[in-house]
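Inside the fold
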Amino acid sequence: METVVSGIRPTGNLHLGNYFGAVKNFLKMQDEYKCFFFIADWHSLTTHPHPGNVVENVRKILAEYLACGLNPEKATIYVQSDIKEIAELYLYLNMNAYLGELERTTTFKEKARKQPDNVNAGLLTYPTLMAADIIIHRAHKVPVGKDQEQNMEMARKFARRFNTIYGSELFPEPASFSYTGEGIKIPGLDGSGKMGKSEGNAIYLVDDAATIRKKVMKAVTDSGPTEPNSVKPEVIQNLFTLMDVVSSKDTYDYFNEKYNNCEIRYGDLKKQLAEDIINFCSPIRERIMEYAANPDNLDKVAAAGAEKARASAATTMKEVRKLIGFR
Ligand code: TYM
């Protein structure tokens, strides 16, 4: 059976981008593959050196994972920092990762621009840590959103390079995966591209109905189409992209036709979109509250997951050390 690995940083609550880009695939994959889903708390230190109460932030994501339907009976669910073997593999991978290629990655350049006072080595080597996360379980498939494409390319490169340098076939080349065929990008409602925690444009799974309505009604629109069947400008396409994932096909088709006939009323579209997002989020929100109210249970889930993930990581690391030449 093929192995799957993916993770999310505990830098805030999960939003619709995280859900449709990643978690939705996790849910189906846990029935079909050997799955490892984790919380990438070390990665969050590259941008949040003082992440506040790490334990609380990690519990928050764990509660959200479970509320979305991740099942610890089916998938191994754990916290990255509980698996010290990942740090060791990260170290070895860094010995064969070059400054030039790390500096060229778009996410590094973007983050360096965003936080010029903190261009730390962890930020530079973010892709090697991500590669370590993935290949520590010798994963074949990695369900991630479109924004992770370059990191995935680097992970493949580092896996291949390790195999070549140490004359082995230990690591498969991990492929990005989505049931939709290609990586998903959920847009923000401010017309500025992707929905993101740091972009301030996200709708969170824990948002209540009033918050969701307010956010959706504020979404940027234009003065409407002037010709039938015209191409939708980005801000409008964004609303339709969201509608495509949360609303029924009939609803989507109804508003699409209105748009094509130049009869669209954005107020109506937004009202409908807000209600559909609320219907999607509210049962998840309720379950999040239930899981969050029982932190002992969350800690138990993380401890059991860590034990399983550690065993898998230890098996790989034994091979890695032998191949490099350690006793
Ligand atoms: P992170 O925490 O930024 O995001 C977690 C997952 O959510 C996806 N995502 C989106 N998908 C579609 N549209 C959006 N607007 C959107 N925003 C976020 C991301 O693509 C991702 O799948 N580097 C990773 C964490 C990580 C990881 C790994 C992932 C660390 N090690 C190993 C896979 C395997 C990250 O920053 O994700």
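Each chain has its residues counted from 1, following the order in which its sequence is written. Totals for whole chains, interfaces and linings use all residues, but because this is a predicted model, local features are given only for residues with pLDDT of at least 70 and pairs of side-chain atoms are given and counted only at 80 or more.

1. Section: the overall build of the chain
The way it works is that DSSP assigns letters per residue, a run of H or I at least four long becomes a helix, a run of E at least two long becomes a strand, and they are numbered from the N terminus. For the chain, the count of helices and strands is 14 helices and five strands. Only the C-alpha atoms count toward the radius of gyration. The rule for a globule is 2.2 Å times the residue count to the power 0.38. Compactness check: the chain gives a C-alpha radius of gyration of 21 Å against a globular reference of 20 Å for 327 residues, within 12% of the reference. Relative to its 327 residues, the chain shows a buried fraction of 40%. Contacts here follow a simple rule: the backbone-placed C-beta atoms of the two residues must lie within 7 Å. Put simply, of all contacts in the chain between residues at least 6 apart along the chain, 78% involve residues at least 24 apart. Our exposure labels follow a C-beta count within 10 Å of each residue's own C-beta, placed from the backbone: buried means 20 or more other C-beta atoms, exposed means 12 or fewer, and partly exposed covers the counts in between.

2. Quick word on the confidence of the model for the chain
With 100% of its residues at a pLDDT of 70 or more, the chain shows a mean pLDDT of 95. Scoring of the predicted complex yields 0.96 for pTM and 0.99 for ipTM. The predictor's confidence in any single residue is recorded as pLDDT, a number from 0 to 100.

3. Things to note about the site of the ligand
By definition, a residue lies near a molecule or strand when the C-beta atom built from its backbone is within 6 Å of it. In the neighbourhood of the ligand, 26 residues make up the surrounding shell, with Gly17, Gly21, Ala22, Val144 and Gly145 lying closest. Within the shell around the ligand, the residues separate by chemical class into 11 nonpolar, 10 polar and five charged. Throughout, the ten residues Ala, Val, Leu, Ile, Met, Phe, Trp, Tyr, Cys and Pro are labelled nonpolar, Asp, Glu, Lys and Arg are labelled charged, and all others, Gly among them, are labelled polar.

4. Comments concerning the packing of helix H11 (residues 234–246) against helix H12 (residues 249–260)
Axes here refer to lines fitted to C-alpha atoms; in helices the fit is confined to the stretch in contact. Angles between the N-to-C directions go from 0 to 180 degrees. Running from N to C, H11 and H12 point in directions that differ by 155°, and their axes come no closer than 8 Å. By the angle class used here, H11 and H12 are roughly antiparallel. Residues Phe240, Met243 and Asp244 of H11 form the contact with H12, whose own contacting residues are Thr251, Tyr252, Phe255 and Asn256. Orientation labels follow simple angle bins: below 35 degrees gives roughly parallel, above 145 gives roughly antiparallel, 65 to 115 gives roughly perpendicular, and whatever is left gives oblique.

5. Here we look at the environment of aspartate 190
Within the fold, aspartate 190 resides in the loop between strand S5 (175–177) and helix H10 (209–217). With 17 C-beta atoms packed within 10 Å, aspartate 190 lands in the partly exposed category. Remark: the alpha-carbon pair of aspartate 190 and alanine 302, spanning 112 residues in sequence, is separated by 36 Å. Not counting residues within four places of it along the chain, the set of residues in contact with aspartate 190 comprises Asn201 and Val220.

6. Some thoughts on helix H8 (residues 126–135)
Counting buried positions along H8 yields 10 of 10 residues, so the element is predominantly enclosed. Listing the buried residues of H8 in full gives Tyr126, Pro127, Thr128, Leu129, Met130, Ala131, Ala132, Asp133, Ile134 and Ile135.

7. Some points on the domain arrangement of the chain
Size of an interface: often given as the accessible area lost when the parts come together. What counts as a domain boundary in this text is fixed by an automatic or database domain assignment. For the chain, the domain assignment lists domain 1 (3–186 + 294–324) and domain 2 (209–289). Distance between the C-alpha centres of domain 1 and domain 2: 32 Å. At the junction of the two partners, domain 1 supplies six residues and domain 2 supplies five residues. Per-element accounting of the side of domain 1 that touches domain 2 gives the leading share, four residues, to helix H3 (residues 54–68). Its residues assigned to classes, the side of domain 1 that touches domain 2 comprises five nonpolar, no polar and one charged.

8. Some details on unusual backbone geometry
Phi is positive for arginine 138, which is not a glycine, with a value near 50°. Turning to its location among the elements, arginine 138 is positioned in the loop between H8 and strand S4 (141–143). Of note, cysteine 262 is a non-glycine position whose phi angle comes to about 60°, a positive value. Mapping cysteine 262 onto the fold places it in the loop between H12 and helix H13 (266–292).

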